[in-house]
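Letter by letter, the chains look like this.
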Amino acid sequence: MRSLLLPIAALLSSSSLAAPPADLGYELVEGLTTEVGQRLAGTEAEARARAWAVSRLRSLGFANVRIEPFDMPVWVRGAETAEVIAPFPQKLVLAALGNSGATPEAGLTAEVVGFPSLDALKAAPDARVRGKIVFVWHRMTATQDGSSYGYFGAVRRSGPSVASKKGALAILIRSIGTDHHRVPHTGVQTWSDGAQPIPAAALSVPDADQLERILSRGKPVTIHLVLTPRMTGTHQSGNVIAEVPGRDAGAGVVLIGGHLDSWDLGTGAIDDAAGIAITTAAAKRILDGSKPKRTIRLVWFGAEEPGGFGGDAYARAHDREKHALTAEADFGGDRVWSFRASLADPKGALTAELTNVLGGFGVGPGAGAAHGGTDIGPMVQRGTPVIDLEQDGTRYFDIHHTADDTLDKIDRAQLNQAIDAWSAMLRVVADTDDPLTPLPPREGH
Ligand code: ZN
Ligand code: ZN
């Protein structure tokens, strides 16, 4: 046997450029999360991730591999502790939200005022909130399509601004998560016009439930809070771009990708090393097959988490180029179960072909319009047709934006199914003779 194996090994190494690892998707997630780790946008870690990306994409044989840099304001985490002082002294576990303001170094101590929802906070008279620590305990539950994130996520996205404008000293929210572990979920929030930054953090789900019970006893609740994040100024981020060249430059580009940056707590395995891995492994299969009609442009977007800076930079740089279609993977590493396409002719032959091909992987047509992710959002708003390959998000928000977003959460079989579905979709849209007629531009863009 040994004498047979040696020539095979030699053959493999001599053609290493053409032969990707059998499990390229998993290998990319493993490599990025191990050799770079967390990749907070605009930091030195994200710059190392870009260098890793360029090296990896070149070695896989992609064309036109390059970085397109852009500048952005950078926020970094500091100390973060909280404890109930009265009536039942105990520590709480929390994580600052992106762009959170800071307490003094020694912290602040104030009474807590609780609300069951963002709407209840909005409806409260300012006098109830002024000088207090606001706590909102809105509960999110898991859904396969992740649709509840839009509604429940509003507490994180805009709750801090609402609390600040009412004169609150700080805000704590129940994590926008569906787990029951003592692991808080961070995420971005953006100060609305006129809102002064205040300390803003998410309690882990069990800690939020605990604080809700403490409040329900009806006694005044006082918390001591220390949060010392800070803005470090304007720094460089960037998009990493690679291509599978097509035969027909006039047919437009198929734009795909995920985001390279991650939050700082975990190693960003499901968010979004998995999306990068799925789209890259699928594009690599097209690269290794017959030359497609359309160029496939793969983008590892920078700085998605703090507010979609990479997607905006991409659109500014490229929106005069013809884009035939776009799709993004930014919903973990689990299997694709449904697809939606926003094409001008939804009942056409292309949709029928996609339905047929994706059906082979257990992926059925879904309801509603495709919308893409944050990174491709600006191109979708400009009228680029979009396909969503919807991944199973049942466990996504158990892990999302936590210290638990690590490699062990990747299920190889599901990751490979997603790569199979993406490869099949890419082969169809890259080669189709359908003109991929865009929908009429949306109002307001
Ligand atoms: Zn993401
Ligand atoms: Zn995210």
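First, a word on scope: everything that follows refers to the structure included in this document. In this text, all values refer to a predicted model and were calculated from it rather than measured experimentally.

1. A closer look at the coordination of the zinc ion (ligand 2)
Then, in step 1: Asp271 (OD), Glu305 (OE), Glu305 (OE) and His401 (NE2) make up the full set of protein donors to the zinc ion (ligand 2), lying at 2.0 to 2.5 Å.
Then, in step 2: The coordination sphere of the zinc ion (ligand 2) comprises four donor atoms, whose angles at the metal cover 56 to 140°; the geometry is irregular.
Then, in step 3: Counting the intervening residues between successive donors of the zinc ion (ligand 2) yields the motif D-x33-E-x95-H.

2. Let's talk about the environment of Gly25
Then, in step 1: Structurally, Gly25 is set in helix H2 (residues 24–35).
Then, in step 2: Owing to a relative accessible area of 1%, Gly25 belongs among the buried residues under this scheme.
Then, in step 3: Taking the C-alpha atoms as reference, Gly25 lies 17 Å from Met425; in sequence the two are 400 residues apart.
Then, in step 4: Setting aside residues no more than four positions away along its own chain, Gly25 makes contact with Ala277, Ala281, Leu415 and Ile419.

3. Section: the packing of aromatic side chains
Then, in step 1: This structure, assessed with the given rule, holds nine aromatic pairs.
Then, in step 2: Taking 5.7 Å as the distance between ring centres and 45° as the angle between the ring planes, the aromatic pair formed by Phe135 and Trp137 counts as tilted.
Then, in step 3: In this structure Trp137 comes out as buried when scored by relative accessible area, which is 17%.
Then, in step 4: Among the aromatic side chains, those forming a connected cluster through ring pairs are Tyr149, Phe331, Tyr396 and Phe397.
Then, in step 5: Positioned above the aromatic ring of Tyr26 is the side chain of Arg412, whose terminal nitrogen or guanidinium carbon lies 3.7 Å from the ring centre.

4. Topic: the pairing of strand E13 (residues 323–328)
Then, in step 1: With respect to burial, E13 is a largely interior element, six of its six residues being buried.
Then, in step 2: Of the strand pairs in this sheet, strand E11 (residues 253–259) and E13 are connected by five bridges, and their pairing is parallel. When the bridges of E13 are listed, Val254 appears paired with Leu325.

5. Structural notes on the coordination of the zinc ion (ligand 1)
Angles at a metal have ideal values that depend on geometry: 109.5 degrees with four tetrahedral donors, 90 or 180 degrees with six octahedral donors.
Then, in step 1: Surrounding the zinc ion (ligand 1) are the protein donor atoms His259 (NE2), Asp271 (OD), Asp330 (OD) and Asp330 (OD), which sit 2.0 to 2.6 Å from the metal.
Then, in step 2: The distance between the zinc ion (ligand 1) and the zinc ion (ligand 2) comes to 3.3 Å, with Asp271 serving as a donor to both metals. Remark: Asp271 occurs in helix H9 (residues 269–288) and His259 occurs in strand E11; sequence separation between them is 12 residues.
Then, in step 3: You can call His259 buried: its relative accessible area is 0%.

6. Focus on unusual backbone geometry
Then, in step 1: Residue Pro87 is reached from Ala86 by a cis peptide bond, and omega for that bond is 5°.
Then, in step 2: Examined against the element boundaries, Pro87 turns out to sit in the loop between strand E2 (80–86) and strand E3 (90–92).
Then, in step 3: Of note, the bond from Asp271 into Asp272 is cis; its omega dihedral lies within 30 degrees of zero at 10°.
Then, in step 4: Here Asp272 lies in helix H9.
Then, in step 5: With phi around 50°, Asn64 is a residue other than glycine that occupies positive phi space.
Then, in step 6: For Asn64, the location among the structural elements is in strand E1 (residues 63–76).
Then, in step 7: Overall, Asn64 belongs to the partly exposed group, its relative accessible area being 46%.

7. So, the layout of surface pockets
Then, in step 1: Here the largest pocket is characterised by a volume of approximately 890 Å³.
Then, in step 2: Together, 33 residues line the largest pocket, and Tyr149, Asp330, Phe331, Gly373 and Thr374 are the ones closest to its centre.
Then, in step 3: Of all elements in the fold, only helix H6 (148–152), helix H7 (154–165), strand E16 (386–391) and helix H13 (396–399) reach the threshold of two or more residues within the lining of the largest pocket.
Then, in step 4: Sort the elements by how many residues they give to the lining of the largest pocket and E16 lands first, with four residues.
Then, in step 5: Looking at the lining of the largest pocket residue by residue, the classes come out as eight nonpolar, 14 polar and 11 charged.
Then, in step 6: Considering only enclosed or pocket space, the second largest pocket measures out at about 190 Å³ in volume.
Then, in step 7: Along the wall of the second largest pocket there are 15 residues; nearest its centre are Pro73, Trp75, Asn99, Pro306 and Phe309.
Then, in step 8: A per-element tally of the lining of the second largest pocket places E1 first, with four residues.
Then, in step 9: Split into classes, the residues belonging to the lining of the second largest pocket amount to 11 nonpolar, four polar and no charged.

8. Details of the pattern of salt bridges
Then, in step 1: Counted according to the given criterion, the structure contains 25 salt bridges.
Then, in step 2: Asp420 is paired through a salt bridge with Arg285; the nearest N and O atoms lie 2.8 Å apart. You can see Asp420 sitting in helix H14 (residues 412–431) and its partner Arg285 sitting in helix H9, a full 135 residues away along the chain.
Then, in step 3: Residues Arg320 and Asp319 are paired through a salt bridge, measuring 3.6 Å at the closest nitrogen-oxygen approach.
Then, in step 4: For Asp319, a relative accessible area of 28% gives the class partly exposed.

9. A few points about the sheet that holds strand E5 (residues 108–115)
Then, in step 1: Pairing within the open sheet is mixed, and its eight strands lie in the order E3-E2-E9-E5-E6-E7-E8-E4. At either end of the open sheet lies a strand with only one pairing partner, and these are E3 and strand E4 (94–96). Between one strand and the next, the sheet's axes are offset by a mean angle of 30°, whatever the strand orientation.

Reading guide: rules and limits
Residues numbered from 1 in each chain as written. Chains lettered and ligands numbered in written order. Predicted model: local features only at pLDDT ≥ 70, side-chain atom pairs only at ≥ 80, totals over all residues. Heavy atoms only, no water. Donors = N, O, S within 2.8 Å, 3.2 Å for Na, K, Ca; no water. Tetrahedral: all angles 85-135°; square planar, octahedral: opposite > 155°, others 65-115°. Helix = DSSP H or I, 4+ residues; strand = E, 2+ residues; numbered from the N terminus. Buried < 20%, exposed > 50% of the residue type's maximum accessible area, 1.4 Å probe, protein only. Contact = heavy atoms within 4.5 Å. Phe/Tyr/Trp six-rings, centres within 6.5 Å; stacked < 30°, edge-to-face > 60°. Lys NZ or Arg CZ within 6 Å of the ring centre and 35° of its normal. Pairing = 2+ DSSP bridges. 1 Å grid on protein atoms, 1.4 Å probe; cavity = no way out; pocket = protein on both sides within 12 Å on 5 of 7 lines; lining within 4 Å. Points joined across faces, edges and corners; volume = space filled by probe spheres on them. Nonpolar A, V, L, I, M, F, W, Y, C, P; charged D, E, K, R; others polar. Salt bridge = Lys/Arg side-chain N within 4 Å of Asp/Glu carboxyl O. Axes fitted to C-alpha atoms, helices over the stretch in contact; angles between N-to-C directions.

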